[in-house]
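The primary structure of each chain is shown beneath.
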Amino acid sequence: MSKKEAPKHASMDQFKVSDGHLMTGGKRIEELAQSIPDDVPFYVYDKAVISATVENLKKALPSDIHVHYAIKANPMPELVSYMAGLVTGFDLASVGEMCVALNTSMSAEHISFAGPAKTDGELTEAIKAGVTINLESENEMRRAHRIGEKLGIKPKVAIRVNPDYDLKASGMKMGGGAKQFGIDAERVPETLKELGSLDLEFRGFHIFWGSQNLREESIMEAHEKTFNLAAQLAQSAPDTVKSLNIGGGLGIPYFPGETRLNLEPISENLDNLLPTLRASLPDTEIVTELGRYLVGESGLYVCRVIDKKVSRGETFLVTNGGLHHHLSASGNFGQVIRKNYPVAIANKMGEKEQELVNVVGPLCTPLDLLGNKMLLPKAEIGDLVVIYQSGAYGYTASPHLFLSHPPPEQLLV
Ligand SMILES: Cc1ncc(COP(=O)(O)O)c(C=O)c1O
C-alpha cells in the first residue's frame, strides 16, 4: 500500500528565486532588509504581483463586472494609491479608510462605505465627501436623511442586504441567518418604500455573503442566488438601480492542501446569469468587491532569526517577528484549528539540507507561533524567515502594541 503524502502548500511561484535568494521588486529580500531602520521585521508588497493578479481577474471576468478594492484588506496609503489605477472603485469600512481613499485618484463617485455602527460624525463626513453609504439598518437610513437635510446635501445611499442564504465552505460567512450586517432581505421592500419618501439618492444594492472561499461551486451558487435576489428586490426600488454590488468571496490558498481558484467556471457562470439579470436591470453597474484576492498573494512578512535553540528534541527558530505583527499567520485570527502559512528562508531557497523546526516570536505566550513543525532549509541566527500570503489582513489586523516591541515597517516595491 502506498503511503499517503502529507498535503502541501500551493506553489508560491508569484515570487522569483535567483541563485538561492527570494526576490521581490527585482531585489533580494536581504537587500530590502538592509534598508529597514533598526532591522525591525517588515511587510513588503510587490506591485508587479498585484497588477498581474488584477489584470488576470479582469481578463477572466465578463467585461460587465467591475472590480472594486475593499481597502480593509490592506490600507497602506501607497498601495491604495496604486490600486486606484487598477480597479474601478473602492469600498470602505471606516472614515479612516475614506481619508486614504480620497487621497488617491479615485473619485468619490466610485467609493462606497459599508459597516455597522457608523456614527453621526462618520455619516456627516461621508455625505460631505459624496461617497455612497451602504445602509446597514433602517435607523442608519433615517439618520442619513436627517444629516443630509441639515447639511443641505442629498446623501447617496445603497441598501446593504443581509441575504437569506450564506456562502457554503466559506472562511467567513457574512450573510444568511441573524447578522449585524445589512437589512434582512425580506424587510428590504418595506425599507425601500420608506427610502422613497426620504430625501436620499437611491443608488442600489450591496449584497455581501462571505469571504475567503476556495470552492468554485459555492461561489457560483452564491452568484446565482445574488442575481435572483437583486432582480426580485429591484421590483420594489424607488428609482433605477444604478449599482449592484454582488459581493466578493474569492479566496487565496493559505494552508497545506489548498489550491488556487479556477476562475473559468466562475466567469462562465456569470456569463450565463447576466442576460436574465440584464432583462430587469439593463443599465446597472455590476460590481464585485474584493480584498485579499487582489493583494493577499503580493505580500511577504519578513523577520530575522535572533536565536536558535533545542528544547526536548524540538528545534526553535526564535525570531524578532511574531503574533503581534502577524496575528493571522500565528493562527489566532479566526482559525479553529491552527495551520501553517507557507514559510521560507529568504536566503536559503531550495537548499537541500532541511530540518524540522518551530518558528516562534518574542512574546511571552506559546500562541506566538509562526510555523509549527515545518520542514525548512537549515536556518541559522541572522537568516531571514519569510511568510507568504501576507498582503492582506497582516499589518493592520495585528496587535502591534502587545508587549511594546517595535512595530514592523511596510514597503511597496
Ligand atoms: C463588506 C465586506 N467587503 C469586503 C470584504 C473583503 O473580503 P476579502 O478580503 O476576503 O475579499 C469583507 C470582509 O470581511 C467585507 O465584510
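These figures come from a predicted structure and were not determined experimentally.

Here the focus is the overall build of the protein chain. Per the secondary structure count, the protein chain includes 11 helices and 22 strands. Scaling as 2.2 N^0.38, a compact globule of 413 residues should have a C-alpha radius of gyration of about 22 Å, and the protein chain matches this with 23 Å. Taken along the three principal axes of its C-alpha coordinates, the protein chain extends 70 × 55 × 35 Å. Counting across all 413 residues of the protein chain, residues that qualify as buried make up 44%.

Before going further, it helps to examine the packing of helix 8 (residues 216-234) against helix 9 (residues 263-280). Look at helix 8 against helix 9: their axes get within 10 Å of each other, and the N-to-C directions meet at 10°. Comparing the axis directions of helix 8 and helix 9 gives the class roughly parallel. Every residue of helix 9 that contacts helix 8 at Glu216, Ile219, Met220, His223, Glu224, Phe227, Ala230, Ala231 and Ala234 is listed here: Pro265, Ile266, Asn269, Leu270, Leu273, Leu277 and Ser280. Tallied by class, residues from the contact of helix 8 with helix 9 come to 11 nonpolar, three polar and two charged.

So, about the sheet that holds strand 2 (residues 21-24). An order of 1-2-3 is seen for the three strands of this open sheet, with the pairing classed as antiparallel. Strands at the two margins of the open sheet, each flanked by one partner only, are strand 1 (17-18) and strand 3 (27-28). Where strand 1 lies against strand 2, two bridges are found, and the strand directions are antiparallel. Following the sheet pairing, Ser18 is matched in strand 2 by His21.

On to helix 2 (residues 47-60), then. Here helix 2 spans 20 Å end to end across 14 residues, near enough to the 20 Å set by a 1.5 Å rise per residue. Burial in helix 2 covers these residues: Val49, Ile50, Thr53, Val54 and Leu57. One side of helix 2 carries all its buried residues, which in axial view fall inside an arc of 125°. Seen from the buried face of helix 2, the exposed residues on the opposite side, beyond 90 degrees, are Glu55, Asn56 and Lys59.

We now examine the packing of helix 5 (residues 120-129) against helix 6 (residues 138-151). Two elements in contact, helix 5 and helix 6, have axes separated by 10 Å at closest approach and are oriented at 60°. Taken together, the axes of helix 5 and helix 6 are oblique relative to one another. In the packing of helix 5 onto helix 6, the handedness of the crossing is right-handed. Between helix 5 and helix 6, the residues in contact are Asp120, Leu123, Thr124, Ile127 and Lys128 and Arg143, Ala144, Ile147, Gly148 and Leu151, respectively. Its residues assigned to classes, the contact of helix 5 with helix 6 shows five nonpolar, two polar and three charged.

Our focus in this paragraph is the site of the ligand. Around the ligand there are 16 residues in total, and Ala70, Ala73, Ser211, Gly291 and Arg292 lie nearest to it. The set of elements that each furnish at least two residues to the shell around the ligand consists of strand 13 (210-213), strand 15 (285-290) and helix 10 (292-295). Partitioning the shell around the ligand into residue classes produces nine nonpolar, four polar and three charged.

Here we come to the nonpolar core. Among the nonpolar cores identified, the biggest contains 106 residues, and Val302 and Val386 are the most heavily contacted of them. Residue contributions to this core peak at six residues, all from helix 8. Residues lining this core come from more than one domain, with at least three contributed by each of domain 1 (17-45 + 297-412) and domain 2 (75-290).

Bringing the domain arrangement of the protein chain into the picture now. Segmenting the protein chain into domains produces domain 1 (17-45 + 297-412) and domain 2 (75-290). The C-alpha centroid of domain 2 is placed 35 Å from the C-alpha centroid of domain 1. Contact residues are listed per partner, giving nine residues for domain 1 and 10 residues for domain 2. Broken down by class, the residue content of the side of domain 1 that touches domain 2 amounts to three nonpolar, four polar and two charged.

Right, let's talk about the pairing of strand 21 (residues 384-387) for a bit. Here strand 21 shows no split at all, with Leu384 and Val386 on one side and Val385 and Ile387 on the other all buried. Note that strand 16 (residues 299-311) and strand 21 share four bridges and pair antiparallel. Note that in strand 21 the partner of Arg304 across the bridge is Leu384. Of the strand pairs in this sheet, strand 18 (residues 343-345) and strand 21 are connected by three bridges, and their pairing is antiparallel.

It is worth spelling out the confidence of the model for the protein chain at this point. Residues with a pLDDT of 70 or more make up 97% of the protein chain, whose mean pLDDT is 96. Mean pLDDT values for the elements of the protein chain range from 61 in strand 10 (residues 170-173) up to 99 in strand 4 (residues 42-45).

Here we come to the environment of Val413. Take Val413: it is sitting in the segment after strand 22 (409-412). Considered as a pair, Val413 and Leu79 are 334 residues apart in the sequence and their alpha carbons are 9.6 Å apart. Setting aside residues up to four positions removed in sequence, Val413 forms contacts with Thr24, Gly25, Lys27, Val44, Asp46 and Lys47.

Turning to its location among the elements, Leu294 is positioned in helix 10. For Leu294, a count of 26 C-beta atoms within 10 Å corresponds to the buried category. Counting along the chain gives 237 residues from Leu294 to Leu57, while the straight-line C-alpha distance between them is 8.7 Å.

Among all positions of helix 4 (residues 95-102), only Glu97, Met98 and Ala101 are buried. Projected down its long axis, helix 4 shows its buried positions confined to an angular sector of 105°, all on one face. Its buried side turned inward, helix 4 meets helix 3 (77-84), strand 6 (89-92), strand 7 (111-113) and helix 5.

About the criteria used
- Residues numbered from 1 in each chain as written.
- Predicted model: local features only at pLDDT ≥ 70, side-chain atom pairs only at ≥ 80, totals over all residues.
- Helix = DSSP H or I, 4+ residues; strand = E, 2+ residues; numbered from the N terminus.
- Rg over C-alpha atoms; globule rule 2.2 N^0.38 Å.
- Buried ≥ 20, exposed ≤ 12 C-beta atoms within 10 Å, placed from the backbone.
- Axes fitted to C-alpha atoms, helices over the stretch in contact; angles between N-to-C directions.
- Parallel < 35°, antiparallel > 145°, perpendicular 65-115°, else oblique.
- Contact = placed C-beta atoms within 7 Å.
- Nonpolar A, V, L, I, M, F, W, Y, C, P; charged D, E, K, R; others polar.
- Pairing = 2+ DSSP bridges.
- Expected span 1.5 Å × (residues − 1).
- Arc of directions from axis to C-beta.
- Left-handed = near helix turned anticlockwise from the far one by under 90°.
- Near = placed C-beta within 6 Å.
- Core = buried A, V, L, I, M, F, W, Y, C linked by C-beta atoms within 7 Å.
- Domains from an automatic or database assignment.
- pLDDT = per-residue confidence, 0-100.

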